[in-house]
Amino acid sequence: MKTNRKTKVCSILNILLMFTCLSIYGQDMTGQKAGSSDIVLGAYYFDGWTGTTFHITDKLKSQYPVREPIWGWATSTQPIVDAQISKAAEAGLGFFAFDWYFKDGTDNYPLNHALSLYRSSPNKDRLQFCLMVANHNPYYIQPDNWGDVSQIWLKLFKDKQYLKVDGKPLLIFFEVSSLVDKFGSTEAVKKAFAQLKEASIKAGLKGVSIAACVYNNAANLHQAEACGFDVLTGYNYHSDGLAKDREVTPIDSMSTAEVRVWNGIKTKSHLPYMPCITLNWDPRPWRADTVKVPRFSGYSMSSVYHAVHAARKWISENTQRTPREKIAVMYAWNENGEGGWLTPSKIAGDSLLSGVKKSLSFSLKANGQTNNIRDVRNVLILGNSITRHAPSPGLGWFGDWGMAASEKEKDYVHDLIRRFKEVNPSVHFHIKTIVDFERSYWNYDFSALDSLAMIKPDLIILHIGENVPSKKLGEKPFGPYYGKLLHFFISGNTDVKIICTSSFWSWEQQQKISDIIEREAHKENCFFVRIDQLSSDSSAMAIGKFKNHGVAIHPSDAGMKAMADLIWQKISDVYIK
């Protein structure tokens, strides 16, 4: 949501590998489900696409063609808005939350044009709507315009398609702090909210459910409570997912970080929370070429699928801490300039929306599918010497577990086994090293894995990559063979969940291999965990503990524990506990 080149903004990203589309849509949302799903899922809609504002930049058009909608860059026309409503509804979305602007006594701005088109659309019955008041600079909401905006809102609230929470129209504010600054105190904001609610009751409504976009910050949350907000949500949380020490962060980091944000907000505030899903962040089209822009990589149908899945899982586990309508909102439908977008693309087609639809149609508790961690019966761990290495006196290695760990219980495998059995004592583990696949993947005999496929594992943890010969990558591309390995297990066991990890090492050739693994994992709709950042800390390796350098660069006890931490976090994201 960018309104001028200096305006504070919040959100997501780009890049792709993508796929197809589906069909589901939500209607009345006071009881409410989007299609067959168990949540009401919406998306923020930013209308910088009339062609009359600066948002369609030359850089966006020339360097980021994958973000161009199938209708072209200018999408604020009646036929195109009609089509967008249909596309969103068919993918399972239940509402648009329109970014709404007010300045100089009027809301008659190009940035609000799509809202008018939505309200006049013959398709509007397929999708509800609400407002996200963009009360940042220079569109402040303050005492001298509160009466005017209240009258505009009350008229919109009476629209039969307006989204309700607790039977009352939902009104979201982008910033809490600017309201307090402009009104002078939290008490004054609370009084203004009371006036709006009273006016809504006089207008025949039941009141207003007022929501704040907040962060996992105690001061911010306490201020929202003091203002009298009824509900909490967010606009995006990209800064929580970006790695502090790198320009590009894998998108999987966002999904994991976001769950921590949701849990932090739940812990710090008593108010109900509607999860905000940060799909992506990459605002380079609106930044100077000379500026380094922290951003995500790997945005795809698969990453969208997993992000929506995480929100559904969180809501299912926190029904007492979220509104009864079970609402979640995505950043975003069309923040094309910041990289958060779902609109069908000329290049990527409906692939991102396909990720939404597929995730919504997947049952968290489907027959034959194990989604509670206590129901997992068989876990298969495939790896290399980091997973297990037999004694090799010539190398100075005398253990029979993950190489360089000081004892069996301290390698990452047995750390995970311990954690798993604490919540599910009946789970069975099967461990196999597949170094032969790494070293000669192009002619690997997959029949060697038949016995493992026959056990029908519920979960596979796949950690390989360190032994892949980088000199062979040009002649024998690794990606298709890694994908074949994943497909080998998926084809005969469609319910299996697979967690793939990157290589442990972070040097350049290993990063290339890790990037290939990430791409293939997303293609096969598997989960991915990046762990190569761990080896940038020498204490994560067993340097100085073994004379043989090849042994010494394996994970130390600390490195093994850090690996287990990251993999266990992903397991916790995947399963209901």
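Along each chain, residues carry numbers from 1 onward, in the same order as the chain's sequence is written. Selection of residues for local features in this predicted model requires a pLDDT of at least 70, selection of side-chain atom pairs for listing and counting requires 80 or more, and totals for whole chains, interfaces and linings are taken over all residues. The side-chain quantities take in all heavy atoms of the structure and omit both hydrogens and water.

Asker: What am I meant to see in helix H9 (residues 252–268) here?
Answerer: Owing to its 3.6 residues per turn, the α-helix brings residues three or four apart onto one side. The terminal C-alpha atoms of H9, which comprises 17 residues, lie 25 Å apart, in line with the 24 Å expected from a rise of 1.5 Å per residue. Where H9 is concerned, the buried positions are Asp-252, Met-254, Ser-255, Thr-256, Ala-257, Glu-258, Val-259, Val-261, Trp-262, Gly-264 and Ile-265. Counting from the N terminus, the helices are DSSP H or I runs at least four residues long and the strands are E runs at least two residues long. To estimate the expected span of a helix, count its residues, drop one, and scale the result by 1.5 Å. When a residue's accessible area, from a 1.4 Å probe over protein chains only, is under 20% of the maximum for its type it is buried; when over 50% it is exposed; and in between it is partly exposed.

Asker: Explain the pattern of salt bridges to me, please; I cannot follow it from the model alone.
Answerer: Any two side chains of opposite charge can pair, given that their charged atoms come close. We count a salt bridge whenever a side-chain nitrogen from Lys or Arg sits within 4 Å of a carboxyl oxygen from Asp or Glu. Using the criterion set out here, one finds 30 salt bridges in the structure. Between Asp-166 and Lys-168 there is a salt bridge; the shortest N-O distance is 3.4 Å. Overlapping salt bridges bring together Asp-415, Arg-418, Arg-419, Glu-422, Lys-561 and Asp-565 as one network.

Asker: What am I meant to see in the packing of aromatic side chains here?
Answerer: Two measures describe an aromatic ring pair: the distance that separates the ring centres and the angle between the ring planes. Planes of paired rings set the category: under 30 degrees apart is stacked, over 60 is edge-to-face and the rest tilted, where pairs are Phe, Tyr or Trp rings (Trp by its six-membered ring) whose centres lie within 6.5 Å. Here the structure, examined in full by the defined rule, presents 46 aromatic pairs. Arranged with centres 4.9 Å apart and planes meeting at 85°, the rings of Tyr-441 and Trp-442 form a pair that is edge-to-face. Of the aromatic side chains, those joined through ring pairs into one cluster are Phe-437, Tyr-441, Trp-442, Tyr-444, Phe-446, Phe-478, Tyr-481, Tyr-482, Phe-488 and Phe-489. Note on geometry: a ring has a charge over it if NZ (lysine) or CZ (arginine) is within 6 Å of the ring centre and within 35 degrees of the ring normal. Over the face of the ring belonging to Tyr-140 we find Lys-182, whose NZ or CZ atom lies 4.2 Å from the ring centre. The aromatic ring of Trp-442 is capped on one face by Lys-472, whose charged end is 5.0 Å from the ring centroid.

Asker: What should I look at first to understand unusual backbone geometry in this one?
Answerer: Most peptide bonds take the trans form, and the phi angle of most residues other than glycine is negative. Look at the link from Asn-137 to Pro-138: it is a cis peptide, with omega at 0°. Following the sequence through the fold, Pro-138 ends up in the loop between strand E3 (128–133) and helix H4 (143–157). Put simply, Tyr-331 and Ala-332 share a cis peptide bond, and its omega is 10°. Inspection of the secondary structure assignment puts Ala-332 in the loop between strand E11 (327–331) and strand E12 (334–335). Positive phi outside glycine occurs at Asp-104, with the angle close to 55°. Relative to the elements of secondary structure, Asp-104 occurs in the loop between strand E2 (95–100) and helix H3 (113–119). Given the relative accessible area of 69%, Asp-104 is considered exposed. The backbone of Asn-525 sits at a positive phi, close to 65°, despite the residue not being glycine.

Asker: Sorry if this is basic, but what is going on with the packing of H4 against helix H6 (residues 186–202) here?
Answerer: How two helices sit against one another is set out by the angle between their axes and by the gap between those axes. Note on geometry: axes are lines fitted to C-alpha atoms, helical ones only across the stretch in contact, with angles between N-to-C directions running from 0 to 180 degrees. One way to put it is that H4 packs onto H6 with a least axis distance of 11 Å and a crossing angle of 35°. Like other packed secondary-structure pairs, H4 and H6 cross with a definite hand, here right-handed. Residue-level inspection shows Trp-146, Ser-150, Trp-153 and Leu-154 of H4 in contact with H6, the latter providing Ala-192, Phe-193, Gln-195, Leu-196, Ala-199 and Ser-200. For the contact of H4 with H6, the residue count by class is seven nonpolar, three polar and no charged. A crossing counts as left-handed when the near helix is turned anticlockwise from the far one by less than a right angle, and as right-handed when that turn is clockwise. Only heavy atoms matter for contacts: two residues are in contact if any of them lie within 4.5 Å across the pair. We call Asp, Glu, Lys and Arg charged. Ala, Val, Leu, Ile, Met, Phe, Trp, Tyr, Cys and Pro are nonpolar, and the rest, Gly among them, are polar.

Asker: Would you explain the sheet that holds strand E17 (residues 497–501) in this entry?
Answerer: Two pairing modes exist for strands in a sheet, parallel and antiparallel, and in both the strands are linked by backbone hydrogen bonds. Strands were regarded as paired on the criterion that DSSP finds at least two bridges between them. Pairing in this open sheet of five strands is parallel, and the strands run E15-E14-E16-E17-E18 from one edge to the other. Each edge of the sheet is formed by a strand with only one pairing partner; in this case those strands are strand E15 (428–433) and strand E18 (527–529). Pairs of neighbouring strands in the sheet enclose a mean axial angle of 15°, with direction left out of account. Contacts from helix H16 (residues 508–523) reach E17 and E18 within the one sheet, and its direction differs from that of E18 by about 160°.

Asker: Explain the environment of Phe-129 here, please?
Answerer: Within the secondary structure, Phe-129 sits in strand E3. Distance in space between the C-alpha atoms of Phe-129 and Phe-95 is 4.9 Å, their sequence separation being 34 residues.

Asker: How should I be thinking about the side chain of Asn-384 in this particular structure?
Answerer: With respect to the secondary-structure elements, Asn-384 resides in the loop between strand E14 (378–383) and helix H12 (412–423). Excluding residues that lie within four positions of it along the chain, Asn-384 makes contacts with Thr-433, Val-435, Glu-438, His-463, Ile-464, Gly-465, Glu-466 and Asn-467.

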